[in-house]
Amino acid sequence: MKKLFFLSIFFICLNNLVAQVPDALKYRIEGKAKLVDIMREVDSYYREDSLTVANNSIGEHEFESDLLRWKRWEYYQQSRLDEEGRIIPNLKDRVYLEWKRYTTEHNNQVVPLAVSPNWVSFGPNDIVRYGPGYNSGYGRVNCVAFHPTDPNVMIAGLPQGGIWKTNNNGTNWFPLSVNLPSNGIGGLVWDRTNANVMYALTGDGEANNPGFVSAYGFNLSSLGVFKSTDGGLTWNATGSFPGTSGNFYGYKLIQHPTNAAILFAATTSGIYKTINAGGNWIKVQAGSFTDIEFKPGDPAIMYGAELNSANPFWRSINSGDSWTNTGFTGVPINTIRIAIGVSANQPNYIYFLAGPSTGVGSHVGVYRSTSSGTPAFSLRSNTPNILGYENDGNDFNDQAIYDLNIEVDPANANTIFTAGIIIWKSTDGGGSFTTSSTQWRDDSPGNYVHADVHFLSYNPLNGFIYSASDGGVGYSGNNGTTWNFVSNGLQALATYHADIYEGDVNRFASGAQDNGANIKYNSSLSYRHIYGGDGFDCVIKDNDPNTIVFVRNNYVFKTINGGSTNYSVIGNVSNSFFPLLTRDYNINSRIFISFKTVMGYSDNFGDSWTDAFFGNCGSVLTTCPSNSSRLYLGSANTLNRFDNVPDFSFSQVISISSGYPANVNLTGLEVRPSNSLYAYASFGGFVNGSKVYVTQDGGLTWTNFSGSLPNVACHSIAVDANNTVYVGNDFGVFVRTTSMADWEPFYTNLPATPVSDLKINNTAGKIYAATFGSGNYVTDIYNTCPAYLTLSGEHVGQYSYEASSQITTTATVSANPGTNVIMKAGNYVKLSPGFTGNKNSQVNASIGPCSSGFSFVRVQSMEEVLPVIKMYVPAKNGIRYADAKIPKILPGNKSCDLEIITAGKYSARITDIN
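Quantities reported herein were computed from a predicted structural model and do not represent experimental measurements.

S.K.: What's the story with the environment of T771 in this structure? I'm lost.
M.R.: On the secondary structure map, T771 appears in strand β54 (residues 766–771). Given a relative accessible area of 0%, T771 falls into the buried group. Each C-alpha atom of the pair T771 and L493 lies 7.7 Å from the other, and the pair is 278 residues apart in sequence. Non-local contacts of T771, meaning those with residues more than four positions away in its chain, are made with L493, A494, T495, T753, P754, V755, S756, N776 and Y777. At a separation of 2.7 Å, a polar atom in the side chain of T771 contacts the main-chain carbonyl oxygen of G775.

Below, the structure written as structure tokens:
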């Protein structure tokens with residue numbers, strides 16, 4: 001009975017996923033629950049249907065194809081399967097519940113109890129197209145919401161990286177949702193009556209139904225709506241959505257124009273309404289809805305767009321309490337998705353854009369009603385193909401189910417913008433479109449906006465129109481004549497893999513989903529974008545940082561001049577995407593590559609290759625710094641060891657050895673730098689206690705090394721020269737030294753985003769974390785506690801510091817929401833003149849030895865502004881309070897010279913520094 005229940009829920013999920021899968025393929029995969037079975041049919045189908053692949057490519061760019069989307073989805077799912085290898089219908093719920101459990105058991109701390117890292121951004125804060133690079137971007141953004149009174153302030157919702165904010169119209173951005181437990185955002189509302197109130201609809205609707213399973217590769221399901229009442233400092237779940245089962249996804253969130261307590265959410269489970277600011281929600285209409293709008297000037301009338309429906313246009317005339325999709329004429333029946341546009345200039349006008357494309361140079365059409373939808377819509381135009389890749393619209397492509405938008409000028413109902421892959425403009429109510437308003441290749445004249453536009457909206461405060469795409473945020477201040485790409489500092493990059501150069505801490509190469517191959521080449525946070533598409537893995541030559549081999553989709557390229565030019569070294573490998581690369585640590589010219597079923601090597605750094613092994617590959621490819629003859633190679637459930645490289649005639653299967661875990665997928669393996677038989681393996685899935693295993697004899701026997709790691713997928717693992725082990729999972733980074741009995745959090749100031757890769761530079765004492773949705777970060781490797789520590793500069797985010805004797809600080813603690821600074825020293829913590837704390841920030845101090853955890857009293861920050869810093873000092877027999885006078889009070893902040901000196905079990909927390 002349990003199995004039948006699981007399968008029924010899975011099929012609900014799968015039906016959503018495969019809505020636009022070709023019928024022949026849908027028939028093959030229907031009823032299959034295991035990822036390996038699904039992908040076997042997918043690979044077989046696309047091998048047989050080469051025309052389908054060809055029709056979904058655009059020359060050498062091969063920008064998007066159905067098969068590529070399947071491979072993205074496979075990559076994301078393969079480390080998150082259940083014990084039997086099946087897709088998990090409620091994946092996001094399981095991750096969220098585990099996040100809550102783990103943080104609750106660890107005192108709700110998001111700062112580590114160990115000697116703490118100070119993760120700082122490693123970029124990219126700026127991306128520069130370089131050489132043949134095209135379609136450069138910062139990472140995917142789903143939506144934008146505008147401040148109610150300040151036109152320069154807005155927030156952006158990312159599908160994997162939470163919520164970011166800009167105070168200067170995109171000149172720079174900073175993270176806002178440090179404490180938001182679900183960081184996949186589908187819709188945002190900034191309360192128009194109270195700037196402290198924000199709402200976030202979770203669940204990445206756009207990636208759920210790109211027609212081809214998941215266009216972006218992962219589908220983060222919804223946890224409902226979260227709300228902040230303190231400007232984004234903290235977020236809490238609102239009432240749950242009733243009547244949902246399995247995964248569902250969020251598309252859009254809107255607020256009533258005159259009653260701020262009323263909101264509507266468009267989701268794949270239906271339209272939901274709240275009349276008490278999220279206190280509880282009711283389902284007012286079932287179905288899978290992608291868009292929802294109010295009639296300007298009459299919010300009792302509303303419009304909705306249903307996905308994959310013969311009657312996709314819906315209307316309500318009673319404030320959204322009931323809906324109908326009957327009685328309308330002129331609505332096309334050959335559409336998969338529509339997007340709705342309205343204008344205050346003509347409140348009775350309704351536009352909708354309908355996809356997909358219908359032939360070379362055509363699409364379903366732009367339609368308009370001039371009478372609020374009753375009774376008729378009329379076709380305005382269906383040529384050129386404004387849903388495709390080409391600036392003149394002369395192609396047969398579209399991504400309508402993944403990116404489709406229409407926005408009407410609130411001051412002129414004849415001016416409309418549409419967006420799919422690129423943005424188009426009409427000045428005659430959709431009657432004609434000549435050339436696109438933007439272009440995506442970034443290799444031709446015109447206004448560049450990254451491809452795949454998910455959001456278009458006018459800011460009512462300044463009349464600018466804004467876009468959000470797979471590359472970031474853009475806007476036009478002159479109604480589409482020119483566009484500005486304003487994403488500097490918006491760290492949304494979803495990095496698959498990265499590589500470093502031991503001789504220069506600033507050299508860093510990475511492959512990113514939909515944003516290609518990128519290189520950090522100096523001390524700035526600017527990256528060179530050297531190629532488009534899906535960058536995946538890369539390897540930098542040990543003695544030449546300008547020579548790099550990198551993967552793009554199912555091709556392999558090489559540059560010998562830092563990306564100025566490149567050439568293909570492995571051409572189109574049919575149906576075999578995202579191969580792994582690694583180096584020989586002792587032979588500079590030798591590198592290895594692993595596709596799904598074949599592994600090879602090159603002795604001239606990629607210019608020619610030799611096939612070496614045929615079998616299960618593709619998950620792990622690890623060489624050994626201390627022994628060039630030894631190599632580990634693995635797939636999801638098979639791990640091999642080779643001891644006579646480059647002779648691959650004999651391999652030892654070590655995944656059948658004693659102690660090796662069953663029913664979990666291998667995601668990473670690293671060896672100790674000085675001992676090639678001493679290896680640590682990381683695993684995905686949700687088998688509690690099966691996260692990391694260790695072998696001391698090259699895989700002949702294994703021991704569980706998981707400790708109390710959270711029960712979420714581990715994606716990456718690394719070992720430094722001190723034999724300290726680091727693991728990256730869906731929460732962040734954890735650390736375990738040779739003397740630790742268990743793992744400890746190591747993610748101070750690191751976004752709660754999956755850590756897809758970890759790299760260590762032992763020469764510089766640095767560890768790098770590549771995240772899947774929030775860019776890249778760096779910190780010092782775990783080391784012993786210093787005796788003295790002096791802190792300065794500005795602290796924005798979460799930090800913790802330890803010193804065996806004393807800490808002295810003159811730092812400024814930022815007022816940005818979520819900033820939290822923890823300091824612990826053996827003798828005292830001193831806040832010296834110049835130290836400044838601002839409202840909403842938290843500063844904590846305690847006395848104790850290193851690596852013993854923090855024992856400050858947990859109290860809430862006070863709201864009122866006081867002329868003192870209140871210290872809470874726990875004594876043996878209760879709570880003792882102490883007031884410290886502040887010698888200097890400045891406008892908006894307080895500054896002081898204060899020492900905290902306690903001993904033994906005593907500690908102090910400083911709070912309310914305004």
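S.K.: Got a minute to help me understand helix α6 (residues 91–105) in this structure?
M.R.: Since the α-helix packs 3.6 residues into each turn, any two residues three or four apart lie on the same face. In a regular helix each residue adds 1.5 Å, so 15 residues correspond to 21 Å; α6 covers 21 Å between its end C-alpha atoms and thus fits that length. Looking only at α6, the buried set comprises L91, K92, V95, Y96, E98, Y102 and T103. Axial view of α6: buried residues confined to an arc of 165°, hence all on one face. Exposed positions of α6 whose direction lies more than 90 degrees from the buried face are L97 and E105. Buried residues in α6 make contact with α5 (66–77), β9 (225–228), β51 (733–736) and β52 (744–745).

S.K.: Is there a simple way to think about the pairing of strand β41 (residues 620–624) in this case?
M.R.: Along any regular strand, the residues point their side chains to alternate faces of the sheet. Counting buried positions over the 5 residues of β41 gives 5, a clear majority of the element. Residues V620, T622 and C624 line one face of β41 and the alternating positions L621 and T623 line the opposite face, and both faces are buried. Judged from the 5 bridges that link them, β41 and strand β42 (residues 627–634) form a sheet pairing that is antiparallel. Across the sheet, the residue bridging to T623 is L631, located in β42. If you look at the hairpin formed by β41 and β42, you'll find 2 residues sitting between the two strands.

S.K.: Teacher, can you tell me more about the packing of aromatic side chains here?
M.R.: Each aromatic ring pair is specified by the distance between its two centres and by the angle formed by the two planes. The tally for this structure, following the rule as stated, stands at 58 aromatic pairs. Consider the rings of Y45 and Y46, whose centres lie 4.9 Å apart with planes at 85°: the pair is edge-to-face. Assigned by exposure class, Y45 and Y46 land together as buried. Ring geometry for F536 against F578: centres 4.9 Å apart, planes inclined by 15°, an arrangement best described as stacked. Residue F536 is located in strand β33 (residues 535–541), and its partner F578 is located in the loop between β36 (567–570) and β37 (580–583); the two are separated by 42 residues in the primary sequence. A residue is classified by how much of its surface remains accessible, and F536, at 3% relative accessible area, is buried.

S.K.: Can you help me understand α5 in this one?
M.R.: Helix length check: α5, at 12 residues, gives a terminal C-alpha distance of 17 Å against a target of 16 Å (1.5 Å per residue), a fit within 8%. The buried fraction of α5 is high, at 12 of 12 residues. Every buried residue of α5 is accounted for by D66, L67, L68, R69, W70, K71, R72, W73, E74, Y75, Y76 and Q77.

S.K.: Mind showing me how you'd approach the sheet that holds strand β39 (residues 598–602) here?
M.R.: The strands that make up a sheet pair up through hydrogen bonds in the backbone, lying either parallel or antiparallel. Here 4 strands make up an open sheet; going across it, the order is β37-β38-β39-β40 and the pairing antiparallel. Every interior strand has two partners, whereas the edge strands, β37 and β40 (610–614), have only one. Recorded for the sheet is a direction-independent mean angle of 20° between the axes of neighbouring strands. Here β39 runs beside β40; their pairing, made up of 4 bridges, is antiparallel. Each bridged residue has a counterpart across the sheet, and for Y601 the counterpart in β40 is T610.

The rules behind each value
- Residues numbered from 1 in each chain as written.
- Predicted model: local features only at pLDDT ≥ 70, side-chain atom pairs only at ≥ 80, totals over all residues.
- Heavy atoms only, no water.
- Helix = DSSP H or I, 4+ residues; strand = E, 2+ residues; numbered from the N terminus.
- Buried < 20%, exposed > 50% of the residue type's maximum accessible area, 1.4 Å probe, protein only.
- Contact = heavy atoms within 4.5 Å.
- Polar contact = N/O pair within 3.5 Å; in protein donor to acceptor, adjacent residues only side chain to side chain.
- Expected span 1.5 Å × (residues − 1).
- Arc of directions from axis to C-beta.
- Pairing = 2+ DSSP bridges.
- Phe/Tyr/Trp six-rings, centres within 6.5 Å; stacked < 30°, edge-to-face > 60°.
- Axes fitted to C-alpha atoms, helices over the stretch in contact; angles between N-to-C directions.

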